[in-house]
Amino acid sequence: MRKVNLLIFVSLGYVMVLFIVAFAAERAARAGRATWLRSSMIYTLSLSIYCTAWTFHGAVGFAVRSGLEFVTIYLGPSLVMLGWWWTLRKLVRIGRTQRITSIADLISSRFGKSNLLAIGLTLLAVAGTTPYIALQLQSVTQSYAVFARASQGGTGEINQTVTALWIAVGLAFFTILFGTRKLDVNERHDGVVMAIAVEAVVKLIALLAVGVFVVWGLSGGIAPMLENIDASEIGAWDVSGGRWAGLTFLSAAAFICLPRMFHVMVVENDDERHLRTASWAFPAYLLLMSLFVLPIAVTGLDLLPEGSNPDMFVLTVPLSQGQNGLAMLSFLGGFSSATSMVIVATIALSTMVSNHIVMPIWVSVTGGGVSVSGDVRFIVLLARRLSIGAIVMLAYFYFQLSGGGSALAAMGLVSFVGVAQALPIMIGGIFWRGATRLGALCGLGIGFAIWTYALFLPSLGNGLVFSDAMLANGPWGLEWLTPQALFGIKGLDPILHCLLWSVLFNSAAFVLVSLCTFPAPMERLQGAQFVNVFQQAQPSRGWSQGAAQSEDLMIMSQRILGAREAQALFEKEARLQQGAQGALPEPTPEFLESLERKLSGSVGAATAHAMIGQIAGGMSVSVDDLLAVADETAQIMEYSNKLEAQSFELTRTAEQLRQVNEKLTQISVQKDGFISQISHELRTPMTSIRAFSEILRDSDDMQASDKARYAGIIHSETLRLTRLLDDLLDLAVLEAGRVSLNLSDKPLLEVLENAVSSSGVSHSNTLQVTREDPPAEIMLFTDVDRLSQVFINVISNAVKYCTAQEPTLHIRSFEQDGTVIVDFIDNGAGIDEDMRSVIFEKFSRVGETQAGGAGLGLAICREIMHRLDGDISYLGGQNGGAFRVRFPARLTTIQPSV
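Residues numbered from 1 in each chain as written. Predicted model: local features only at pLDDT ≥ 70, side-chain atom pairs only at ≥ 80, totals over all residues. Heavy atoms only, no water.

Considering the sheet that holds strand β9 (residues 882–888)
Taken in spatial order, the five strands line up as β4-β6-β7-β9-β8 in an open sheet, and their pairing is mixed. Two strands in the sheet have a free side with no partner beyond their single neighbour: β4 (768–772) and β8 (871–874). On average, adjacent strands in this sheet sit at an angle of 15° to one another, irrespective of strand direction. Two strands pair when backbone bridges link them, and β4 and strand β6 (residues 808–816) are joined in this way by five bridges, in the parallel orientation. Looking at the pairing, E772 lines up with R812 of β6. (Pairing = 2+ DSSP bridges. Helix = DSSP H or I, 4+ residues; strand = E, 2+ residues; numbered from the N terminus. Axes fitted to C-alpha atoms, helices over the stretch in contact; angles between N-to-C directions.)

Set out below in structure tokens:
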């Protein structure tokens, strides 16, 4: 038991040393005496938080089980740092300008400060990190068990359940001690970062020491070691491209999205220029950490009994050779890897839980009481401390439910796939302004659901949540819903299977829903700030003065920041403001903006925004932000106007096409009617001519009176044919423009009188004509015959088509605005509205009336008036049929005689 007691003593002493280092670093930083703490090398060493017990112990076990695939857990982060550091720089810049406190805060702020999205991400982060913290518990528990067996000659056993519980309690206690003494998590945690840097050095030295011992102490040098690796199955370069690519992508995604990595890489970053150093120094650190993985794995397989746990080779190989001091150093290396991960991970998660779950509930419950009751600082600290304890206990329960015997690498990969669900919306959010909150919610929800169903719940063990039958055949016998063989894809590694479907559906839902929805104004504003963060000189969020009172803001700030820090902040602002009265500054928009950013470091951006909003009573944005949104809105409106104009033009064109189509349909019907009519018009007289000519030819004894009558009929039918052909020829000449006009002077009154007389209505009782004659002195200069032809045709139509019992035709003529107008209005039924657009077309006839005719009269009138620079039209709204003839008043006035 001496070794076990010594192990406990060394562990407690090591934690105490770390605490002293953190405490000294914080004091030096507050005093301004330790600027070296904010160097790029310290920042790079803090990134070693990625190297947990998985990489210290589990990488060797991974190599034993899967060969060279262990390299992927180092390759992914190295590729991100070497080839994607500019994306990390963008994340760091956004984090600094927006006062981001966590990955949930980043994504929720991007999508309009959506607390619902922040809650979803917090739940995902807690669920996704739980297996990882359980992995650390398992690692430390197994390490402790190895020492317990060694101290009792290899026969001793410990109660791993009790041991893991005490380790979980101890880690929770030290995490609370390390991470919740100071509230503002957005300020640099110099003490925590310095402790992590020390642990980075310790675990690197420990792993290198074991590696040097294995290569030079046991194998005799590099050459013999390489021969042993070549002879081992582990060293075979059996690389599956698809699996390697999947695991490399998975480790790269986890490196960006793990809450603890985001915390040290973004939140704790003091200068984005540190990324330049980290872009090469951190891959070098990972290279050193992976340098002796294969030698330790091969040596462990050669020296240790069959069935030994390969995850513990880093510890058991030195113990098997009696190197107790080296084994103790190895234990401290693994212990450092586990404790640093648990401390930072639970700090990050507790911040997310308190900011996005506890504080919004508290603000909602207390209503407007943020400035008059309660101690917000105490509530936030209590929420974070309780969250740390709860998260560590969840990890302990997962450790118990999963059996505690799973490979460390497998547990780590389950966690990696979970947190990778945040990658699509994070990358989409900082590069795509069109991404929307609803798209992010849908993508995250679908990805989280698939991960839970296909990987997380099955990882708890067969029969615990899913029965063996369901894991084998799917629910209700639906094989395509089998958790680890979705959609019929079998034989794929469960990790890659879940990664494929979860990220695929996550990304697809995010993109499709974003394309189908429109971002809210706050989303568009934040989207502009995130995507164009390098073009923003200053953070662009501000508050209006509204009804804010400095006293209320001071009380609220004291409860969140503490009395001393709040007073210092307000006094500094009062000194900066010219003419500030008293000890409190005026609540200007600039000061409210600065105060919100300060508070957001303690309670998160969304909560700080809501709390100040309760006091300030309103919010505004900067001119740059308004211009950015206005520009986007103007573009949207311009595009909308163009679409509206195009839609109107298409509607108008469609209406015109419809009218043309109707007109063509009517013309087609009229053409068919014309063909029928012209056939009838030609056949009837020709039949008469043929019949009577045959009678005259064959009848020698016909009386003279009959011959004269038959010859008259033949002559009449011939005239009828001649008129029809003349109309066709006349229309063809007019349409071709080959007509010659015989212009002459004549009074309009005389032209009308001649037309009425020539139409025959003056000597007929069929139509009564009344006139409103024009002034006698109006002289026309036109083709009188052609104009008379128009008048006669219109009058003849009235004779033919007026169906009144006592048909009348009223003719009125006058001059208006330099135009001569002659109207012909009868008291008949008029022309149906659907026929008015085609009555001037060739072959058009108004129904099948007794008048007959080929339907060419009005078409000829239209062409004549066109040649006379006038027009003829049908007048609607009259009681009967009405035509209007108009032509220019190119007239001469007769001078009265003296």
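There is more to say after this.
Some points on unusual backbone geometry
Of note, the phi angle at K113 is positive, near 55°, even though the residue is not glycine. Mapped onto the elements of the fold, K113 is located in the loop between α6 (103–110) and α7 (115–151). Within the chain, D869 stands out as a residue other than glycine whose phi angle is a positive 60°. As for its placement among the helices and strands, D869 is situated in the loop between α32 (857–867) and β8.

Thoughts on the packing of α6 against helix α23 (residues 521–531)
It is at 8 Å that the axes of α6 and α23 come closest, and there the two elements cross at 120°. With respect to α23, the element α6 is oriented oblique. For the pair α6 and α23, contact is made by L106, S109 and R110 and by E523, Q526, G527 and F530, respectively. Here the residues of the contact of α6 with α23 are counted per class, giving two nonpolar, three polar and two charged. (Parallel < 35°, antiparallel > 145°, perpendicular 65-115°, else oblique. Contact = heavy atoms within 4.5 Å. Nonpolar A, V, L, I, M, F, W, Y, C, P; charged D, E, K, R; others polar.)

Thoughts on the nonpolar core
Judged by nonpolar contacts, the single largest core of 159 residues is most densely connected at L47, Y50, L106, I107, I296, F416 and M426. Looking at which element gives the most residues to this core, the answer is α7, with 15 residues. Among all residues touching L106, those that are not within four sequence positions of it are L91, I94, I100, F262, M426 and F530. In this structure, L767, V784, F791 and M865 belong to the second largest nonpolar core, which totals 35 residues. (Core = buried A, V, L, I, M, F, W, Y, C linked by side-chain atoms within 4.5 Å. Buried < 20%, exposed > 50% of the residue type's maximum accessible area, 1.4 Å probe, protein only.)

Topic: the pairing of β8
A regular strand carries its side chains on alternate faces of the sheet. Burial along β8 is one-sided: the residues I872 and Y874 are buried and none of D871 and S873 is. Across four bridges, β8 lies against β9 in antiparallel orientation. Bridging from a neighbouring strand, S873 pairs with R884 of β9.

Observations regarding a nonpolar patch on the surface
Side chains of I446, W476, L478, W480, F487, L492, L500, L504 and F505 sit close together on the surface and give an oily, nonpolar patch of about 900 Å² of accessible area. In terms of residue count, helix α22 (residues 494–516) provides more of the nonpolar patch than any other element does, three residues in total. Residue position: I446 is located in helix α20 (residues 437–459). (Patch = residues over 30% accessible without salt bridge, like charges linked within 9 Å, V, L, I, M, F, W, Y side chains within 5 Å. Areas by Shrake-Rupley, 256 points an atom, 1.4 Å probe, with all protein chains shown as cover. Salt bridge = Lys/Arg side-chain N within 4 Å of Asp/Glu carboxyl O.)

Describing the pattern of salt bridges
The full count for this structure, using the stated rule, is 11 salt bridges. The partner of E750 in a salt bridge is K746, with the nearest N and O atoms 3.5 Å apart. The exposure class of E750 is partly exposed, given its relative accessible area of 33%. Its salt-bridge partner being R862, residue E863 comes within 3.7 Å of it at the nearest N-O pair. For E863, a relative accessible area of 11% corresponds to the buried category. A residue is classified by how much of its surface remains accessible, and R862, at 29% relative accessible area, is partly exposed. A cluster of three or more residues bridged by salt bridges with shared partners is formed by R89, R93 and E272.

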